[in-house]
Every structure is written in C-alpha cells, then in structure tokens.
Amino acid sequence: MDTEAPHTQRGHSSPREGEGWPRSAFSRTTDGDGPGRRQPTWRRAGMLGVICTAFLLLLSNFVVQPFLIPSRSMEPTLRVGDRVLVNKLAYRFGDQPRRGDVVVFDGTGSFVRERPDGSPAGALVRGAASALGLAEPSDTDFVKRVVGVGGDDVVCCDAGGRVSVNGVPLDEPYLHPGDAPSEVPFRIVVPLGTLWVMGDHRSQSRDSRDHLGEPGGGMVPVEKVIGRADWIGWPVSRWGAVGGGHG
C-alpha cells in the first residue's frame, strides 16, 4: 500500500525552504554569512568602548576626576569608599584655594619625599583605574581641608582649645565628634604660594602637623593642588555637595 500522499495533497501548510516565510535575523546568523555579519557588530562595540574610555580619561585629566576615599582622615565629611568628584577647573583661571576648601593634591615633596618605585606599565594601569575612580588613588595623592593660605598666622590652640587664624578662632563644625582641634600645639606662618592643610578627623589624620620638622614644614605648594572636591558622587545615599567651612 502506498503511504505517500499525492503531490497535490502535501505541504500547503508548510512551504518549501526558501518560500513563504521570511528569513529571520536568527536564520541569517546561522547561514554561511553569519560570522562575517557578526564581526563588524563586535568591532563597533569594541571601538565604542575604547572611545568612551578615552573620553572619560580626557574628562578626568582636565575637567572632573572621580577620587576614591581610602582612609578615615576626613570623616565625617568623607567616608572610606566615597567617590568624590574633583573639580580640576576650580583654580585653573586665576582663583586660589580658600580656607575651608577640601582639596586633592600631589604630596610629592611635602607629604612624601619622592614617588615610589614601580613598573611603568603597572603605574599606567593603576593611574588609569584611579583616574576613573575604580581604584585607590596614588600613594602620593591626598585629600585634606585648607586651614591656612599664604601669609596666614595659624596657631593651636587658643584659650578655648581652638585653632585660630590671624588671631580669629575658627568655627569647625566639620570636625569628627569627640576630636580636639589638635592634640599637637603649633604656631606657623604659611609661606606665600603654599597651604596649611588638616584632616577633619584630626586624631586619624596625618597632615601638615606631622611634617613640621621635615623639608617644606608640611606646607603644600598651591601648584601641587589637583583640584577641589566639590561633590560626593557615590554611593547614591551620599550624593551631595562636600561641606565647606570657614572662609
């Protein structure tokens, strides 16, 4: 018995290959041209990634740089793990750091004597990662608050236990609760073109006070300032402006 249906009775609901149904995007990727069609897509995605990374690096080098907070020295203003946005244009057009500004600076020559040795390739990768806020900053970069600018007479402590600048006691609401303005007494006149900087968590901060007896006396040259920390960009719960202090 012949079980094959006559030619006129089969296949009306199932068109032959290549007829009836349009070829889907999936079918195009499985034919002979598939790899050739996918490759440009991956190339475009890779090129887009390179362009975006280059743009972000340029932005961080010249305009705004994310900076990962690595220590407790600026608590409660800045906490470990915060990413602050450093405004690199803040002092680029004639403005100078002011008392109360939170600044990021290169401490080479003031807080550290020289750059640590290391592989150039490793330093390049680390520098790119830190510039994007993905890694801790260089060991030579620091974030502190400006307490005195060039010409200021900075003294600690007055009769009330406060730091005073040019004879005026400072109101420092940003200090970590329970911290004294300074356990180390000092009196310095800040040379022109330099800054006297301190952390908000005074008992946990290595700042200008710790370098009084070293070359430079703990003063940070203004030219070494990378920028002003204006905003906390991460985590989301910490979004907001970095609090300023005395003027």
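Use the structure listed above.
Below: a short report on this structure.

Scoring rules and cut-offs
- In this convention, every chain numbers its residues from 1, walking through the sequence in written order.
- Thresholds applied to this predicted model are a pLDDT of at least 70 for local features of residues and 80 or more for the giving and counting of side-chain atom pairs; totals over whole chains, interfaces and linings are not thresholded and use all residues.
- By convention in this description, side-chain values take in all heavy atoms of the structure and omit both hydrogens and water.
- To qualify as a helix, a DSSP run of H or I must reach at least 4 residues; to qualify as a strand, a run of E must reach at least 2; elements of each kind are numbered from the N terminus.
- Only protein chains enter the accessibility calculation, which uses a 1.4 Å probe; a residue is then buried when its area is under 20% of its type maximum, exposed when over 50%, and partly exposed in between.
- Computed with the Shrake-Rupley method and a 1.4 Å probe, the accessible areas treat only the protein chains shown as cover for residues.
- Candidate patch residues must exceed 30% relative accessible area and have no salt bridge, after which like charges are joined if within 9 Å and Val, Leu, Ile, Met, Phe, Trp or Tyr side chains if within 5 Å.
- By convention in these notes, a salt bridge is any Lys or Arg side-chain nitrogen within 4 Å of a carboxyl oxygen on Asp or Glu.
- A strand pair is defined by DSSP finding two or more bridges across the two strands.
- Between N or O atoms, a polar contact is any pair within 3.5 Å; within protein, one atom must be a potential hydrogen donor and the other a potential acceptor, and residues adjacent in sequence are included only when both atoms are from side chains.
- Any two cysteine sulfur atoms lying within 2.5 Å of each other are counted as a disulfide.
- Contact definition: two residues touch when any of their heavy atoms are within 4.5 Å.

Moving on, we come to the overall build of the protein chain. Secondary structure assignment for the protein chain yields three helices and twelve strands. When the 247 residues of the protein chain are sorted by exposure, 36% land in the buried category. Summing over all exposed atoms, the protein chain offers an accessible surface of approximately 15,000 Å²; the carbon and sulfur share of this is 58%.

Here we come to a nonpolar patch on the surface. A contiguous nonpolar patch, built from Trp234, Val236 and Trp239 and spanning about 380 Å² of accessible area, is present on the exposed surface. Along the polypeptide, valine 236 turns up in the loop between strand S11 (225-234) and strand S12 (240-241).

Moving on, we get to the sheet that holds strand S8 (residues 186-189). Sheets are built from strands that pair by backbone hydrogen bonding, the pairs being arranged parallel or antiparallel. Spatial strand order, S7-S6-S5-S8: four strands in an open sheet with antiparallel pairing. Edge strands, defined here as strands with exactly one partner in the open sheet, are strand S7 (168-169) and S8. Direction of pairing for strand S5 (residues 153-156) relative to S8: antiparallel, over a ladder of four bridges. Residue pairing in the sheet places cysteine 156 in a bridge with phenylalanine 186 of S8.

Our focus in this paragraph is the pattern of salt bridges. What the rule picks out here adds up to eleven salt bridges. Across the pair arginine 72 and glutamate 75 runs a salt bridge whose closest N-O atoms are separated by 3.1 Å. Its relative accessible area of 40% is what places arginine 72 among the partly exposed residues. The exposure class assigned to glutamate 75 is buried, which follows from its relative accessible area of 14%. The residue aspartate 207 makes a salt bridge to arginine 209 at a minimum N-O spacing of 2.8 Å.

We now examine the side chain of arginine 209. Within the secondary structure, arginine 209 sits in the loop between strand S9 (194-198) and strand S10 (220-221). Side-chain polar atoms of arginine 209 contact the side chain of aspartate 207, separated by 2.8 Å.

Let us now look at the state of the cysteines. For the coordinates displayed, the defined rule picks out one disulfide. With a sulfur-sulfur separation of 1.9 Å, cysteine 156 is cross-linked through a disulfide to cysteine 157. Of the residues examined, cysteine 157 reaches a relative accessible area of 33% and is grouped as partly exposed.

Turning our attention to the environment of arginine 98. Secondary-structure assignment places arginine 98 in the loop between strand S2 (83-87) and strand S3 (102-106). Sequence separation between arginine 98 and valine 147 is 49 residues; the distance between their C-alpha atoms is 8.3 Å. Each residue touching arginine 98, except ones within four places of it in the same chain, is listed here: Val146 and Val149.

Read these as layout, nothing more, since geometry by itself doesn't imply function.
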